[in-house]
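These are the residues of each chain, in order.
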Amino acid sequence: MGVAQGDLTFQAYGESNLTHPHPYPTADLGDTVVVTLTVPQSQITLKPGESFDQAYLTQATLIYPHGIIVQTGLAAEPNYVEQIHSRTRPMLINHPLSATRIIFENWAGFPPPQPPATNVGVYPLETKWTANVVYTVTTHGEAYNAQGTNCQPTTTHTQKVQAVPGTSWANMVITGTDWYIIPVAIDSGTQ
């Protein structure tokens, strides 16, 4: 069994109550983003003699960019440096081969543009996940009686479970605005 590929998609909303959706694959600074991982059963490959029984995710994590601005230099002549960190958060497994995570989009580049211009950047979303695949291996053989004279064909079915790792990606096209939020470098562990 090889490494399977999953589909990673997202929907960005202009309001936290999941209204005002933006066209895929875009999001705006400040959006609430619902990220969805789906592992198609067709991506789970088996060898000849193996038949699929079921599959289910055992874990899934989302890795996404989180930007901050760090002030360097003196207060009289400040200088600002952008830092983009990766956050890793667990996803909620809501179906056997599907998981979701809601994040807040806080980044669209730096420095802010001059009004009415906007910043546009492409930022990656990545998931790492593991699925248990339950399958049956069928083998054929022959069995002889105690005297070794009478041969009968046999078929054996053995159920097995194998953990299959996977990684999926999607790119978000993020648009900033002519106003800017400077995120504070704290990590509450919730987003």
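Residues numbered from 1 in each chain as written. Predicted model: local features only at pLDDT ≥ 70, side-chain atom pairs only at ≥ 80, totals over all residues. Heavy atoms only, no water.

A. The arrangement of the packing of aromatic side chains in detail. Counted under the stated rule, the structure contains one aromatic pair. Both rings, one in Phe10 and one in Tyr24, keep their centres 4.8 Å apart while their planes meet at 45°; by these two values the pair is tilted. With Phe10 in strand β1 (residues 7–13) and Tyr24 in the loop between β1 and β2 (26–28), the pair connects residues that are 14 residues apart, well separated along the chain. Its relative accessible area of 5% is what places Phe10 among the buried residues. According to the relative accessible area criterion, Tyr24 is partly exposed, its value standing at 43%. (Phe/Tyr/Trp six-rings, centres within 6.5 Å; stacked < 30°, edge-to-face > 60°. Helix = DSSP H or I, 4+ residues; strand = E, 2+ residues; numbered from the N terminus. Buried < 20%, exposed > 50% of the residue type's maximum accessible area, 1.4 Å probe, protein only.)

B. Up close: the environment of Gly14. You can see Gly14 is positioned in the loop between β1 and β2. Along the chain, Gly14 and Thr32 lie 18 residues apart, while their C-alpha atoms are 6.6 Å from each other.

C. Highlighting the nonpolar core. Among the nonpolar cores identified, the biggest contains 30 residues, and Val35, Leu37 and Leu125 are the most heavily contacted of them. Of all the secondary structure elements, the ones that give two or more residues to this core are β1, β3 (32–38), β4 (50–73), β7 (98–104), β8 (120–144) and β9 (151–175). The biggest single contributor to this core is β8, with seven residues. When sequence neighbours within four positions are dropped, the list of residues in contact with Leu125 reads Leu8, Phe10, Val35, Leu62, Ile63, Tyr64, Ile103, Ser168, Trp169, Ala170 and Met172. (Core = buried A, V, L, I, M, F, W, Y, C linked by side-chain atoms within 4.5 Å. Contact = heavy atoms within 4.5 Å.)

D. Region of interest: the sheet that holds β7. Sheet architecture is open: four strands sit in the order β1-β3-β7-β6, paired in antiparallel fashion. Looking at which strands have only one partner, the edges of the open sheet turn out to be β1 and β6 (92–95). Between one strand axis and the next, the sheet turns through 25° on average, direction left out of account. (Pairing = 2+ DSSP bridges. Axes fitted to C-alpha atoms, helices over the stretch in contact; angles between N-to-C directions.)

E. Spotlight on the side chain of Ser98. Mapped onto the elements of the fold, Ser98 is located in strand β7. Within the structure, the side chain of Ser98 is placed 3.3 Å from the backbone oxygen of Leu37, a separation counted as a polar contact. With residues near it in sequence (within four places) discarded, Ser98 still touches Thr36, Leu37, Thr38, Leu57, Leu92 and Ile93. (Polar contact = N/O pair within 3.5 Å; in protein donor to acceptor, adjacent residues only side chain to side chain.)

F. Focus on the environment of Gln162. In this structure, Gln162 sits in strand β9. We classify Gln162 as partly exposed; its relative accessible area is 29%. Residues Gln162 and Ala131, 31 residues apart in the sequence, show an inter-C-alpha distance of 8.2 Å.

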